[in-house]
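Examining the three-dimensional arrangement
Here are the chains, one letter per residue:
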Amino acid sequence: MADYWKSQDRKYCDFCKCWITDNKASRDFHENGRRHKENVKKRLKNIIRDSAKTQKETQKVDVSIRAMEAAALEAYRKDVESNSSADLTSIAMNKKLKDSNLEIASGNNSKVWHEMVATGGKSYYWNTITNETTWSPPAIGFFSVLDQKAEKNKAIAKQYREVERYNRREDMLRKQDKEQEEAEKRARLAREKLKERRVLDETPEPVYGPIIDPGRSDPYGKWYTVPESAPAEIDYQLPAQEYFECPIVVEPEPVVKEFKEKIVENIDASEGETSFKKRKLGSAMKRNVRQRLDVD
């Protein structure tokens, strides 16, 4: 396997807005630095400031919504009271409230202002809708400390009644479960008594056969000894072979050409001219030879 080069991974620090080598030594060195710690503290401070600002804005929005709901409810109450003789809806609402002995809650209800006790024992008044506080008692009335304690005692008494009701219901369920268990126990004892009175059938004694050796358990069946025998000839169904004698062709020996040799010892004019015979070319060979032109 061939070696190849691979660069080290890098990590981006969101607090310092920079890249660092992604290994333990580099991360520890960077995170233990003063710059990184200051950036982390600054980020936490910004988060706390933003969360407090968001919480204040949320509280302001909640107070505004509660004030709008109270104003809308007060306007609705005034509309119902003023149109009690002209509007059919107002007539039906007033009749329903009168029959049920109810009234529409007003935004200026005395329960909006609660009497509170300061550390020094002096009473002040707190508006539950607008979170407004004042030392002077409001003109529309307020919910005194005694009334608050009485309301709290009523709530506690209501919780006690609900707990008692729950305990009574649980006791009733446990009693029913106990009665059901006792009924099942009595039924089981009755069944046992009936089993004792049951007539048993007389069964004959079992007849046992001879014990047979099951032999060796094998998924392929039992094993048998096969006697040895002479191997039979195997017919491979090969094609029959026929042999033919090939004729022997004897090539004749090549004919050796003999050349006549003429020896000229001496070139002398007295003996006549010595010449060589010119080879005669046939008509076929003559066509391929370049002819001499008459014009030089």
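For the structure itself, consult the block above.
In this report, the structure presented in the accompanying data block is examined. (Residues numbered from 1 in each chain as written. Predicted model: local features only at pLDDT ≥ 70, side-chain atom pairs only at ≥ 80, totals over all residues. Heavy atoms only, no water.)

Describing the overall build of the protein
Put simply, the test is: Helix and strand definitions here come from DSSP, where helices need a minimum of 4 consecutive H or I residues and strands a minimum of 2 consecutive E residues; each element is numbered from the N-terminal end. Each residue is assigned to one of three classes by its accessible area relative to the maximum for its type, calculated with a 1.4 Å probe on protein chains only: buried under 20%, partly exposed between the two thresholds, exposed over 50%. Any two residues whose heavy atoms approach within 4.5 Å at even a single point are treated as in contact. Accessibility throughout is a Shrake-Rupley quantity obtained with a 1.4 Å probe, and a residue counts as covered only by protein chains that appear here.
Scanning the protein from N- to C-terminus turns up 5 helices and 5 strands. Sequence-ordered secondary structure for the protein, helices as α and strands as β, is β-β-α-α-α-β-β-β-α-α. Within the span of the protein, comprising 296 residues, buried residues form 10% of the whole. Put simply, of all contacts in the protein between residues at least 6 apart along the chain, 35% involve residues at least 24 apart. On the protein, roughly 29900 Å² of surface is accessible, and the fraction owed to carbon and sulfur atoms is 54%.

Examining the sheet that holds strand β5 (residues 133–134)
The line we're drawing: Here the rule is simple: two strands pair whenever DSSP picks up at least two bridges between them.
The 3 strands lie next to each other as β3-β4-β5, forming an open sheet whose pairing is antiparallel. Every other strand in the sheet has two partners, leaving β3 (113–117) and β5 as the edge strands with one partner each. Pairing geometry for strand β4 (residues 123–127) and β5, over 2 bridges, is antiparallel. Within β5, the position partnered with Trp126 by the bridge is Thr133.

Structural notes on a negative patch on the surface
The condition is simple: Here the term patch refers to residues with relative accessible area over 30% and no salt bridge, with like charges joined within 9 Å and nonpolar side chains (Val, Leu, Ile, Met, Phe, Trp, Tyr) within 5 Å. A pairing counts as a salt bridge when a side-chain nitrogen of Lys or Arg comes within 4 Å of a carboxyl oxygen of Asp or Glu. Charge assignment in this entry is limited to Lys and Arg as positive and Asp and Glu as negative, and neither His nor the chain termini are counted. Charge positions are represented by NZ for Lys, CZ for Arg, CG for Asp and CD for Glu.
Taken together, the side chains of Asp177, Glu179, Glu181, Glu182 and Glu184 present a region of like negative charge at the surface. With a relative accessible area of 46%, Glu184 lands in the partly exposed category.

Observations concerning the pattern of salt bridges
Applying the stated criterion across every chain, the model contains 6 salt bridges. When the shortest N-O distance is used, the salt bridge between Arg34 and Glu38 registers 4.0 Å. Here Glu38 and Arg34 lie together in helix α2 (residues 34–82), a separation of 4 residues that amounts to about one turn. Note on Arg34: relative accessible area 69%, which makes it exposed. Given the relative accessible area of 46%, Glu38 is considered partly exposed. When the shortest N-O distance is used, the salt bridge between Asp171 and Arg174 registers 2.1 Å. With Asp171 and Arg174 both in helix α4 (residues 145–196), this residue pair falls 3 residues apart, about one helical turn. Through salt bridges that share partners, Asp14, Lys17 and Arg43 make up one connected network.

Let's talk about a nonpolar patch on the surface
A contiguous nonpolar patch, built from Val61, Ile65 and Met68 and spanning about 270 Å² of accessible area, is present on the exposed surface. Tracing the backbone through its elements, the reader meets Val61 in helix α2.

Concerning unusual backbone geometry
Phi is positive for Lys17, close to 60°, though the residue is something other than glycine. Structurally, Lys17 is set in the loop between β1 (10–13) and β2 (18–21). The phi dihedral of Gln237 falls on the positive side, at around 55°, and the residue is not glycine. Judged by its relative accessible area of 69%, Gln237 is exposed.

Section: the pairing of β2
Here β2 shows a clear split, with Cys18 and Ile20 buried on one side and none of Trp19 and Thr21 buried on the other. As paired strands, β1 and β2 are joined by 4 bridges and run antiparallel to one another. The residue of β2 that forms the bridge with Lys11 is Ile20. Connecting β1 to the antiparallel partner β2 that follows it, the hairpin turn spans 4 residues, and Lys17 within it adopts a positive phi of roughly 60°.

Thoughts on the environment of Thr130
Among the secondary structure elements, Thr130 is positioned in the loop between β4 and β5. Here Thr130 falls in the partly exposed class, since its relative accessible area comes to 33%. In the structure, Thr130 is positioned 68 residues away from Asp62 in sequence and 9.1 Å away in space, judged by C-alpha atoms.

Observations concerning a positive patch on the surface
On the surface, Lys158, Arg161, Arg165, Arg168 and Arg169 cluster together to form a positively charged patch. Mapped onto the secondary structure, Arg165 falls in helix α4. Judged by its relative accessible area of 43%, Arg165 is partly exposed.

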